[in-house]
Amino acid sequence: MSTMKRFRPSIESVCSFAHCVESPSSIPCAHCPLTFCLRHLVEHQTAIDNEHKHLISSIETCRTRLNTIQSIDNRYELCEQLDEWQMNMIDHVNRMKNEINLVYEQYDQEFTKIKDVVLNKFDEDERSLKEISLQLEQSLHILESSRLNLIISKINPIIHLVKPNLNISISADFDDTSKLDLNRFLTLSTINFSLDYDPTDSTIIATSSEHLLIYKSSRSIFQLFNDHGEHLYDINYDHMTYGDVNQIIWSSFVNGFLLTTTKQVLKLNYITKRIGRYVDIGFGYFKDICAHRESIVLVHNLGTSLGDVLEHYSNNQMIQRCWKADLYPDRTHMKDTMEIFRIRMSDYLIAIDTLFTEKILICDVRHAMKCLFRIDTHNCNILSMSSVYDTQQWLLFVTDEHDESLQRRMLLINTQENDPQRRMHELQCDQHLLPTNLYFFGPNHFILVRTENKDDDTMILECRNMHHIMRM
């Protein structure tokens, strides 16, 4: 009776077998929710029986193997591997100890030399007591906190010895650079090393006196190199948490790299490899940043209604908020026309590249962002603008605004020039290099980004040796 109920055809069901042309009556399977006609039910049941037999056989095979297997004793091989690793690590540690002693001797000599330079420099200085006090405090802070550091990885046997950064921003550090022949430094330079550069990847570059930091947005990673081109390590970046990176600079005052993002200002400590919010500046959309000693200037976007504003911080306190109208007090309509595109600082002067004005503004951050000069760019398309150390000069690579196929030119803005017509003038530019951007890298090198040839978009990133040919 039960069998008759189980296999009673249903005229409301059709066979689950594809392309079955039997009458629309089927029988439900006892093992699964499918229904079949009588012919395909037999085939389905046969397949289930075969699968059942295969599973039973597989289980018995596994049981037999489980009864016979024994644990593998490879303790001797593992101990041999560990002994070899231990010997390698002992050799590595001993080499590192020798390197520590050698590097310390170099550091101690540099420390003593810089300390003497600082003391002698300020003994002879005739500047204001306030400025001398600020510079001495900064120098003292850097020297007192300087020490050798070891970076020991917890996940692999890698040890990095990190020298302290003794980059004290005083004029004595770069006395030679103020006399540098900028008209010939590019053409006489030689390659130190080169790195891969992908123009399709949003790449941001920053330099300190000893390190080159490159941010690759496609991988959300920072790459740190020394001045020999040696890749020291990578630092991962969480752009979802911190925001997209807009600019990176080195600040000797905070002894680290400062990052402006679409959400906040961050500090990257290259020794500890940690990235965190720079707590002395609030949250916001920060487009650009520049710094000199204790001064930090930011381009802060306050939204569509208020637009961009310049914010000046000194000793981690906001000193001034400068609106676009403050930069052009004699032309009220400019606040609705101009856009602050990029800012670069040299000494306490800041160069502001303003769009839709054909002007570069030179302002003094020590005097309420007072605009000293408005430099006419003469219809140039500005590719980049780089500070020439603390000399109150800026290098520009430009093309013709109306015909970018024309050769690139290198211009110099010199605020020490008394003749207004000469404050921006052209320098010799090696057309074989085809430069687009430049970053000074310590007193002896600079990073050059250039195209390989005029008809190709291939980009090259080079560190070049700068030969100090002095002006006569």
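Presented here is a report on the structure given in the accompanying data block. Everything numeric here is computed off the predicted structure, so don't read it as measured data.

### Description of the overall build of the chain
Looking only at helices and strands, the chain has 7 helices and 28 strands in total. Sorting the 472 residues of the chain into buried and exposed places 43% on the buried side. Long-range contacts, defined as pairs at least 24 residues apart, comprise 44% of the intrachain contacts of the chain with a sequence gap of at least 6. Total accessible area on the chain is roughly 26,700 Å²; 51% of this is exposed by carbon and sulfur atoms.

### What about a negative patch on the surface?
Together, Glu77, Glu80, Asp83 and Glu84 make up a negatively charged patch on the protein surface. Inspection of the secondary structure puts Asp83 in helix α3 (residues 75–124). Residue class for Asp83 comes out partly exposed when judged on its relative accessible area of 44%.

### Observations regarding the sheet that holds strand β6 (residues 203–207)
With antiparallel pairing, the 4 strands of this open sheet are ordered in space as β6-β7-β8-β9. Two strands in the sheet have a free side with no partner beyond their single neighbour: β6 and β9 (231–236). Averaged over all neighbouring strand pairs, the angle between strand axes comes to 20 degrees, with direction disregarded. With 6 bridges joining them, strand β7 (residues 211–216) and strand β8 (residues 221–226) adopt antiparallel strand pairing.

### Side note on the pairing of strand β12 (residues 265–269)
Inspection of the sheet shows strand β11 (residues 256–261) paired to β12 by 4 bridges, in the antiparallel sense. In the sheet register, Phe257 faces β12, and the bridge partner there is Leu268. Counting the residues between successive antiparallel strands, the hairpin from β11 to β12 contains 3 residues. Relative to strand β13 (residues 274–277), β12 runs antiparallel, the two sharing 4 bridges. Looking at β13, one finds that Leu266 is bridged to Arg277. Between β12 and β13, which pair antiparallel in sequence order, lie 4 residues; one of them, Lys273, sits at a positive phi of approximately 60 degrees.

### Section: the pattern of salt bridges
All told, the structure shown has 12 salt bridges when counted by the stated rule. Here Arg366 and Asp364 are joined by a salt bridge, their closest N and O atoms 3.6 Å apart. Exposure remark for Arg366: the relative accessible area of 42% places this residue in the partly exposed category. By relative accessible area, Asp364 is classed as buried at 7%.

### Topic: the layout of surface pockets
Over the atoms rolls a probe the size of a water molecule, and its path tells where empty space is left. Looking at the largest pocket, its volume works out to about 1,400 Å³. Considering the residues around the largest pocket, the lining is formed by 50 residues, among which Ile248, Ile249, Arg344, Ser387 and Tyr439 are closest to the centre. For the lining of the largest pocket, the secondary structure elements donating two or more residues are β6, β10 (245–251), β14 (285–292), β18 (339–346), β22 (380–387), β26 (435–441) and β27 (445–451). For the lining of the largest pocket, the per-class residue count stands at 25 nonpolar, 18 polar and 7 charged.

### Some details on the sheet that holds strand β23 (residues 393–400)
In spatial order, the strands read β22-β23-β24-β25; together these 4 strands make up an open sheet with antiparallel pairing. What marks the edges here is a single partner per strand, and that holds for β22 and β25 (424–427). Taking each pair of neighbouring strands and ignoring which way they run, the sheet shows an average axis angle of 30 degrees. Pairing between β22 and β23: 7 bridges, direction antiparallel. Residue pairing in the sheet places Ser386 in a bridge with Leu395 of β23.

### Let's talk about the environment of Leu268
Within the element layout of this structure, Leu268 appears in strand β12. Residue Leu268 is classed as buried on the basis of its relative accessible area of 0%. When the C-alpha atoms of Leu268 and Trp250 are compared, they prove to be 9.5 Å apart, with 18 residues separating the residues in sequence. If sequence neighbours within four positions are ignored, Leu268 has contacts with Leu213, Phe222, Ile235, Gly256, Phe257, Leu259, Arg274 and Ile275.

### Observations concerning the packing of aromatic side chains
Enumeration over the complete set of coordinates arrives at 11 aromatic pairs. Aromatic side chains Tyr107 and Phe111 sit 5.9 Å apart centroid to centroid with 65 degrees between the ring planes, which places their arrangement in the edge-to-face category. One end of the pair is Tyr107 and the other is Phe111, both in helix α3 and 4 residues apart, which spans about a single turn. Summarising the burial analysis for this pair, Tyr107 and Phe111 share the class buried. Among the aromatic residues, ring-to-ring pairing joins Phe185, Tyr389, Phe440 and Phe446 into one connected group. Between the NZ or CZ atom of Lys273 and the centre of the ring of Tyr233, over which it lies, the distance is 4.8 Å. Directly above the ring of Phe283 sits Arg277, whose terminal nitrogen or CZ lies 4.3 Å from the centroid.

What counts as what
- Residues numbered from 1 in each chain as written.
- Predicted model: local features only at pLDDT ≥ 70, side-chain atom pairs only at ≥ 80, totals over all residues.
- Heavy atoms only, no water.
- Helix = DSSP H or I, 4+ residues; strand = E, 2+ residues; numbered from the N terminus.
- Buried < 20%, exposed > 50% of the residue type's maximum accessible area, 1.4 Å probe, protein only.
- Contact = heavy atoms within 4.5 Å.
- Areas by Shrake-Rupley, 256 points an atom, 1.4 Å probe, with all protein chains shown as cover.
- Patch = residues over 30% accessible without salt bridge, like charges linked within 9 Å, V, L, I, M, F, W, Y side chains within 5 Å.
- Salt bridge = Lys/Arg side-chain N within 4 Å of Asp/Glu carboxyl O.
- Lys, Arg positive; Asp, Glu negative; His and termini not counted.
- Charge placed at Lys NZ, Arg CZ, Asp CG, Glu CD.
- Pairing = 2+ DSSP bridges.
- Axes fitted to C-alpha atoms, helices over the stretch in contact; angles between N-to-C directions.
- 1 Å grid on protein atoms, 1.4 Å probe; cavity = no way out; pocket = protein on both sides within 12 Å on 5 of 7 lines; lining within 4 Å.
- Points joined across faces, edges and corners; volume = space filled by probe spheres on them.
- Nonpolar A, V, L, I, M, F, W, Y, C, P; charged D, E, K, R; others polar.
- Phe/Tyr/Trp six-rings, centres within 6.5 Å; stacked < 30°, edge-to-face > 60°.
- Lys NZ or Arg CZ within 6 Å of the ring centre and 35° of its normal.

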